[in-house]
Amino acid sequence: MAAIRVRGAQATTLEEAAKMYIDYTYPRDDPSQDSAEDGMVRRTTLYPPGTDLCPPWDIWNLRLAVDRQRIERAPGLDSIDAGILKNSAPYIEEELLDIFNECLDKGYFPNKWRIADLRLLYKGGGKDKETPKSYRPICLLPVASKVLEHMIVQSLRPILSAASHPRQFGSTRGKGTTDALLRLLAYADDIDIIGRSFQAASDAFLALVGPTRRLGLEVNSEKTKYMVTRKVPRLGEEVTFGEYQFEKTNVFVYLGSLVTQENEPEQENRHRIIVENQCYFSIPRQFWTGAVSRKSKLCLYKTTVHPVLLYGCENWSTTRACEQELLVFEKRILRRLYCGVLIGGEWKRRKTRSCALCLRSLI
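Everything numeric here is computed off the predicted structure, so don't read it as measured data.

S.K.: An account of the overall build of the chain is needed here, citing residue identities and associated values.
M.R.: When helices and strands are tallied, the chain shows twelve helices and eleven strands. Here the chain holds 363 residues, and the buried ones make up 25% of them. Total accessible area computed for the chain in this model is approximately 25700 Å², and 55% of it derives from carbon and sulfur atoms.

This is the structure in structure tokens:
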């Protein structure tokens, strides 16, 4: 991290690297650069709105916002996590409600609640550690700011929903980017251009840019990458197609499948296992609770988790080692679903044979 490089300048200390990364990722807010419209918006935010559209919150609004906080999330700089707040809320909820309603009345968000604990995670994949884009920033905010933000959003949502356009997809409940793309009948950010030569790929890309630009679509050069297979002569770290310049990559995900430069099925296999594992742990309560029957858990697994692993499996070119790795992972998940067995008054883990019988029920 101390060797980070921004615009040709390289950091020499950890403090200097952190400052360079923050300046690069979070540009400073300069009012002198505002347009006339931006300046008007900035001036209107300096004063409370003075409207009755958002009445004061009651105790139920606060309880709902506190209940929505996830206890597994890391705390901010105050070291108060959601678990501490949930346990102490019944004793201080009146005081919290007074503070939040005062913030609403004055149109004020406390400055200390805006300060985040910034953590950087290296993205991996062989990315250049001197480039700021190789790190993913995680901002840990105080849990009190999340509660206040949730209450504000819940108050604004019905007002914005009533005033939004029918074709508004972003920040709209029940709609997303998928709905917008389906209206265009194309997935503009999931296009893969393949060519047997550099010139063929360049011609196909430039032939696509013209018509899409007339529709108002633009190519994001930072998100677009190029990859060269082994049998084609290696190009440089960057390639130029017309006015666009793209960085080189050795791996990318296309429609859920991992494509590597070496065309390695093992990498795709591990990618599928990681994705299914994330899907499984995204709904742990349903799988671990004793209130849900084993039959319901198995049905939930077959409809939500299992298809993630086998998506597009008809086109796989696997080896026996890959198939064995998949079976081992499946048996591990099924052991969690079926729990242990009671033998001689003692609970023991299920054996491989019993997990094989469980696998047959998935077919």
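S.K.: Explain unusual backbone geometry to me, using residue names and the numbers behind them.
M.R.: Positive phi, close to 65 degrees, is recorded for S79, a residue that is not glycine. You can see S79 is positioned in the loop between α3 (59-67) and α4 (82-106).

S.K.: Account for the side chain of S145, with residues named and values stated.
M.R.: Inspection of the secondary structure puts S145 in helix α5 (residues 143-163). Within the structure, the side chain of S145 is placed 2.6 Å from the backbone oxygen of P142, a separation counted as a polar contact. Excluding its chain neighbours within four sequence positions, the residues that come into contact with S145 are F109 and W113.

S.K.: So what about the pattern of salt bridges? Which residues, and what values?
M.R.: Summed over the entire model, instances satisfying the criterion amount to eight salt bridges. R42 is paired through a salt bridge with D34; the nearest N and O atoms lie 2.6 Å apart. The partner of K225 in a salt bridge is E247, and the shortest N-O contact between them spans 3.1 Å. Here K225 is found in strand β5 (residues 225-226), whereas its partner E247 is found in strand β7 (residues 244-248), with 22 residues between them in sequence. By relative accessible area, which is 30% here, E247 ends up partly exposed. Because the salt bridges share partners, they merge into one network encompassing K133, K225 and E247.

S.K.: Report on the packing of aromatic side chains, specifying residues and quantitative values.
M.R.: According to the stated counting rule, one finds eight aromatic pairs in the structure shown. On the basis of an interplanar angle of 45 degrees and a centroid distance of 5.7 Å, the ring pair of F205 and F241 is categorised as tilted. With F205 in helix α7 (residues 198-214) and F241 in strand β6 (residues 238-241), this residue pair connects regions lying 36 residues apart in the sequence. Measuring from ring centre to ring centre gives 5.3 Å for F205 and F246, while their planes differ by 85 degrees; the resulting arrangement is edge-to-face. On the criterion of sequence distance, the pair formed by F205 in helix α7 and F246 in strand β7 is long-range, its members being 41 residues apart.

S.K.: Explain the confidence of the model for the chain to me, using residue names and the numbers behind them.
M.R.: Per-residue pLDDT for the chain has a mean of 77; in total, 81% of the residues score no lower than 70. Every residue in residues 181-188 scores below 50 in pLDDT, and together they form eight contacts with partners more than four places removed in sequence or on other chains.

S.K.: Now, about α5: what can you tell me, with residues and values included?
M.R.: With 21 residues, α5 extends 30 Å between its outermost C-alpha atoms, agreeing within 8% with the 30 Å of an ideal straight helix rising 1.5 Å per residue. Of all the bends in α5, the greatest reaches close to 35 degrees and is centred on R157; the proline P158 follows between one and four positions later. Those residues of α5 that sit buried are V143, A144, S145, V147, L148, H150, M151 and S155.

Thresholds applied
- Throughout, a residue's number is its position along its own chain's written sequence, starting from 1.
- Local features in this predicted model are restricted to residues whose pLDDT is 70 or higher, and side-chain atom pairs enter the listing and the counts only when it is 80 or higher, whereas totals over whole chains, interfaces and linings include all residues.
- Side-chain measures here rest on the full set of heavy atoms in the structure, leaving out hydrogens and waters.
- Secondary structure elements are taken from DSSP: a helix is a run of H or I of four residues or more, a strand is a run of E of two residues or more, and numbering for both begins at the N terminus.
- Using a 1.4 Å probe on the protein chains alone, a residue whose accessible area is under 20% of its type maximum counts as buried, one over 50% counts as exposed, and one in between counts as partly exposed.
- For the area figures, the Shrake-Rupley method with a 1.4 Å probe applies, and any residue is considered shielded solely by the protein chains shown.
- Throughout this description, a polar contact denotes any pair of N or O atoms lying within 3.5 Å of each other; where both atoms belong to protein, one of them has to be capable of donating a hydrogen while the other can accept it, and for residues adjacent in sequence the pair is counted only when both atoms sit in side chains.
- Pairs of residues are marked as contacts when any of their non-hydrogen atoms sit within 4.5 Å.
- Here a salt bridge means any side-chain nitrogen of Lys or Arg lying within 4 Å of a carboxyl oxygen belonging to Asp or Glu.
- Any two of the Phe, Tyr and Trp rings considered here, Trp counted by its six-membered ring, make a pair once their centres fall within 6.5 Å; the pair's planes then place it as stacked at under 30 degrees, edge-to-face at over 60, or tilted in between.
- The predictor attaches a confidence to each residue, and that confidence, scored 0 to 100, is pLDDT.
- Multiplying one less than the number of residues by 1.5 Å gives the expected span of a helix.
- Bending is quantified residue by residue as the angle between axes fitted to the seven-residue window ending at that residue and the seven-residue window starting at it.

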